[in-house]
Amino acid sequence: MKTATVTDSTRVDPSATPPTELVPMRYPGRRLAALLVLLVAASLGFSVVTNDNFEWPVVWEYLFNPEIMAGLRTTLVLTGVSMSLGIALGIVLAACRMSENRVLSSLSGAYLWFFRGTPLLVQLIFWFNLSALYPRLSLSLFGGPEIVGAATNGVLNLWAVAIIGLTLNESAYMAEIVRGGLLSVPKHQSEAAIALGMNRWLTFRRVVLPQALRVIVPPTGNQVIGMLKHSSLVSIIALADLLYSAQLIYSQNFRTIPLLVVISLWYLVCTTVLSYAQSHIERHYGRGVHGGAQRPGGLAKLRALGSRLSQRSRSNDNPTPA
Amino acid sequence: MSATTSVPDGTDTPTADPIVRIIDLHKSFGPVEVLKGVDLEVHRGQVVVILGRSGSGKSTMLRCVNHLERPSRGTVVVDGEVIGYRIKGDKLHELSPSAVAKQRTRTGMVFQAYNLFPHMTVLENLIEAPRRVKGVNKAEAVKDALQALEEVGMAHKADVYPSTLSGGQQQRVAIARALVMKPSVMLFDEPTSALDPELVGEVLNVMKRLATSGMTMIVVTHEIGFARGVADEVVFMSEGRLVEKGPPSQVIDAPVHESTRLFIDSIL
Ligand SMILES: Nc1ncnc2c1ncn2[C@@H]1O[C@H](COP(=O)(O)OP(=O)(O)O)[C@@H](O)[C@H]1O
Ligand SMILES: [Mg+2]
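## Considerations on the overall build of chain B
Argument step 1. Across its full length, chain B carries nine helices and twelve strands.
Argument step 2. Computed over its C-alpha atoms, the radius of gyration of chain B comes to 18 Å, within 12% of the 18 Å expected for a compact globule of 268 residues.
Argument step 3. Taken over 268 residues, chain B has a buried fraction of 55%.
Argument step 4. Long-range pairs, those at least 24 residues apart, make up 65% of the contacts in chain B with a sequence separation of at least 6.
Argument step 5. Summed over all atoms, the accessible surface of chain B reaches about 11300 Å², with 49% contributed by carbon and sulfur.
Argument step 6. Each charge class in chain B was averaged separately, 30 positive and 32 negative side chains, and the resulting centres sit 7 Å apart.

## Quick look at helix α7 (residues 187-195) of chain A
Argument step 1. Along α7 of chain A, the residues classified as buried are Gln 189, Ser 190, Glu 191, Ala 192, Ala 193 and Ala 195 of chain A.
Argument step 2. A positive backbone phi angle near 95 degrees is found at Gly 197 of chain A, which sits one or two residues after α7 of chain A.

## Here's the deal with the nonpolar core
In summary, soluble globular proteins display a tendency toward joint burial of nonpolar side chains.
Residues and elements named next belong to chain B.
Argument step 1. Core analysis: the largest hydrophobic core is formed by 52 residues, its most contacted members being Leu 51, Leu 126, Ile 175, Met 186, Phe 188, Met 207 and Met 217.
Argument step 2. Tallying contributions element by element places helix α6 (residues 197-212) first for this core, with eight residues.
Argument step 3. Discounting residues that sit within four places of it in the chain, Met 207 has contacts with Ile 175, Phe 188, Pro 191, Met 217, Val 219 and Phe 226.
Argument step 4. Cys 64, Val 65, Val 235 and Met 237 belong to the second-largest nonpolar core, a separate cluster that totals 37 residues.

## Notes on the interface of chain A and chain B
Argument step 1. Between chain A and chain B, the residue contacts involve 25 residues of the former and 30 residues of the latter.
Argument step 2. When chain A packs against chain B, the two sides together hide about 2400 Å² of surface, and 59% of this comes from carbon and sulfur.
Argument step 3. Three residues, Ala 195, Leu 196 and Arg 206 of chain A, lead the burial of chain A against chain B; their summed loss comes to 24% of the area buried on that side.
Argument step 4. The interface formed by chain A and chain B contains two salt bridges.

## Observations concerning the sheet that holds strand β8 (residues 107-110) of chain B
Residues and elements named next belong to chain B.
Argument step 1. The sheet built from six strands is open, its strands ordered β8-β9-β10-β3-β11-β12 with mixed pairing. Edge positions in the sheet fall to β8 and β12 (241-246), since each has one partner strand and no second. On average, each strand axis in the sheet is tilted by 20 degrees relative to the strand beside it, whichever way the strands run.
Argument step 2. The pairing of strand β3 (residues 47-52) with strand β11 (residues 233-238) spans five bridges and is classified as parallel. What sits directly across from Leu 51, in β11, is Phe 236.
Argument step 3. Together, β3, β11 and β12 form the strand contacts of helix α9 (residues 258-267), whose direction differs from that of β11 by roughly 100 degrees.

## So, the confidence of the model for chain A
Where the model shows low pLDDT, its predicted coordinates should not be examined in detail.
Residue and element names in this part refer to chain A.
Argument step 1. In this model, chain A carries a mean pLDDT of 84, and residues with pLDDT of at least 70 account for 80%.
Argument step 2. The spread of mean pLDDT over the elements of chain A runs between helix α11 (residues 298-317), the lowest at 53, and α7, the highest at 96.
Argument step 3. With pLDDT under 50 throughout, residues 291-298 is counted as low confidence; its partners more than four residues away or in other chains account for 13 contacts.

## A few points about the site of ligand 1
Residues and elements named next belong to chain B.
Argument step 1. Near ligand 1, the surroundings consist of Phe 29, Val 34, Arg 53, Ser 54, Gly 55, Ser 56, Gly 57, Lys 58, Ser 59 and Thr 60.
Argument step 2. In this structure, an oxygen atom belonging to ligand 1 sits 2.7 Å away from a main-chain N or O atom of Gly 55.
Argument step 3. Here an oxygen atom of ligand 1 sits 2.8 Å away from a polar atom, N or O, in the side chain of Lys 58.
Argument step 4. The leading source of residues in the shell around ligand 1 is helix α1 (residues 58-65), at three residues.
Argument step 5. When its residues are assigned to classes, the shell around ligand 1 shows two nonpolar, six polar and two charged.

## A few points about the pairing of β8 of chain B
Residues and elements named next belong to chain B.
Argument step 1. By the alternation rule, side chains of β8 split into Thr 107 and Met 109 and Gly 108 and Val 110, which are all buried.
Argument step 2. Bridge count for β8 against strand β9 (residues 185-189) is four bridges, and the pairing is parallel. In the sheet register, Met 109 faces β9, and the bridge partner there is Leu 187.

Each value, and the rule that gives it
- Position numbers for residues count from 1 along each chain, tracking the sequence in the order it is written.
- Key to labels: chains lettered from A, ligands numbered from 1, both in the order written.
- The predicted origin of the model limits local features to residues at a pLDDT of at least 70 and limits the giving and counting of side-chain atom pairs to 80 or more, whereas totals for whole chains, interfaces and linings rest on all residues.
- To get the side-chain values, all heavy atoms of the structure are used, and hydrogens and water are removed first.
- Only DSSP runs of H or I with at least four residues qualify as helices, and only runs of E with at least two residues qualify as strands; both kinds are numbered from the N terminus onward.
- Our radius of gyration looks at C-alpha atoms and nothing else; its globule reference is 2.2 Å times the residue count to the power 0.38.
- Summary of the burial criterion: residues with accessible area below 20% of their type's maximum are buried, those above 50% are exposed, and those between are partly exposed, where the area comes from a 1.4 Å probe applied to protein chains only.
- Contact definition: two residues touch when any of their heavy atoms are within 4.5 Å.
- Surface accessibility follows the Shrake-Rupley procedure with a 1.4 Å probe radius. Residue values consider only the protein chains on display as shielding.
- Residues counted as positive are Lys and Arg, residues counted as negative are Asp and Glu, and His and the chain ends are not counted.
- The location of each charge is read from NZ of Lys, CZ of Arg, CG of Asp or CD of Glu.
- By nonpolar core is meant a set of buried Ala, Val, Leu, Ile, Met, Phe, Trp, Tyr and Cys residues that side-chain atoms within 4.5 Å join together.
- By convention, the term buried area covers the 1.4 Å-probe accessible surface removed from two parts as they join, with the contributions of both added.
- Whenever a carboxyl oxygen of Asp or Glu lies within 4 Å of a side-chain nitrogen of Lys or Arg, that contact is scored as a salt bridge.
- Here, any two strands with at least 2 DSSP bridges between them count as paired.
- Lines fitted to C-alpha atoms define the axes here, with helix axes fitted over just the stretch in contact, and angles between the N-to-C directions of these axes take values from 0 to 180 degrees.
- For every residue, the predictor states its confidence as a pLDDT score lying anywhere from 0 to 100.
- We define proximity as follows: a residue is near a molecule or strand when any one of its heavy atoms falls within 4 Å of that partner.
- Within 3.5 Å is the distance limit for a polar contact, defined as a pair of N or O atoms, with the added protein rule that one can donate a hydrogen and the other accept it, and that residues adjacent in sequence qualify only through two side-chain atoms.
- Under the grouping applied here, Gly and all other residues not named as nonpolar or charged are polar, the nonpolar ones being Ala, Val, Leu, Ile, Met, Phe, Trp, Tyr, Cys and Pro and the charged ones Asp, Glu, Lys and Arg.

See below:
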């Protein structure tokens, strides 16, 4: 058969067979841009490594300093506790917000309005000063006799202020995330469950919540990462978190930059681990949606990998004739 | 044929006891009265097809049978039990939500949009309610589920997620999901209306087989062929009332009522 002889044209003779080998388009501009960016990044990296002001030996010296480690522990505990409480309270607030009870839904709305409308830093300072204003925290109704109470001083108090401040603020954001997730599940789904005889709790737990989580998990992961960083605001009330521990050290030795590098490295380690965990959890709740036909169990994944590998080696062994 | 048919010749002639009794059923949404007094009896093994224009109240009536909608007035009795209420003296007292949930296991419902649970595999969709509502153990639930899937020709898809199935396949799974609860009556709300035309047949075939096996069925559909071939009784509904009722040969081929005739003409 005659092949096309005309070069550099999109036209082809009706009688001719066009060639079949494909040559992808090249984009020299992109390569140039990438090269430039790499150059800039490399020189920046070079300056960071070689600039004496970063004092890398000092960074190394303080990286595992016991006080820094204690600060890291405080930051992690604070994040874990405040986030858990924030999620729990957020679910309650979302339930109230979606309730048909007008009083509950408007109270919840007012709560969100306040805690999302004022800065977290202001709230923390507010709770801190409130604890000074009320020397005893006590529960009583309308100024009657105390039902439960505790003194509001001491280290415990600092922790309480920090956790209350972070939790109340976080719950307002989580409430909106949870509500968005629950609303994303079509009403048909709960109806199908109810028609099968499932009660409201079963319907919520087994049908609505798992589907809502697909929508809830990604922004919650962002919230956790945000919380880890926002928790550094508690240094303002002198709770020895990661930042405050570093501040304590550099206020004495004036090695400000290397100590900030130390804690930045620790923040990065934590957020990296959290992002990794988040992507795994997202995959779990995305099942049945992203076209995965088979249940993606660990064994199935191994088997798929095995068959891919063996296929590849087979195709390498007997290259198909061209 | 139905095992309980009392007539010796084995036709679907109703036995004395109706499985579903709808008595003077009214339903309003706000000021709009959607059901204006519906009375209907469905006997064991009977297939009743409900025809009617969109908006005439067919879905609402079906949803009152399993109490997805609460009637404004009137009573629904399934299998001898008043749905949603307890009789105390001369009054009906509303049942708790969990008690109503238990009553719903007597009715199976198939929706227009299938409504399979997308986060569960086909098999998980089928064993969920038997296990958690009826407390059936897992091995038995799986056995029942596989058998039900076999009956609708979907056993080979037990381990896939619903999103990978065609509409017709999803609807067959949805039918199986309702069947594993072993309901006394199956309610179908336009089960083929969302399907591509070439997929309608496979679902109707499953429903035909189900009817032949003696299942009591109330079917809202526009499939006249199905009504003619399978229904024991056809009911025409218009503006919240049942205006005509009888065997398919009468309601479809020789309707008495003017609105029935107009409707039948419009869909044939
Ligand atoms: N939840 C609801 N709220 C208000 N109106 C409704 C609701 N459900 C149905 N309706 C109204 O009731 C009428 C009958 O609806 P439906 O029973 O779905 O009719 P059909 O199934 O025959 O098409 C329609 O006018 C519809 O708009
Ligand atoms: Mg309808």
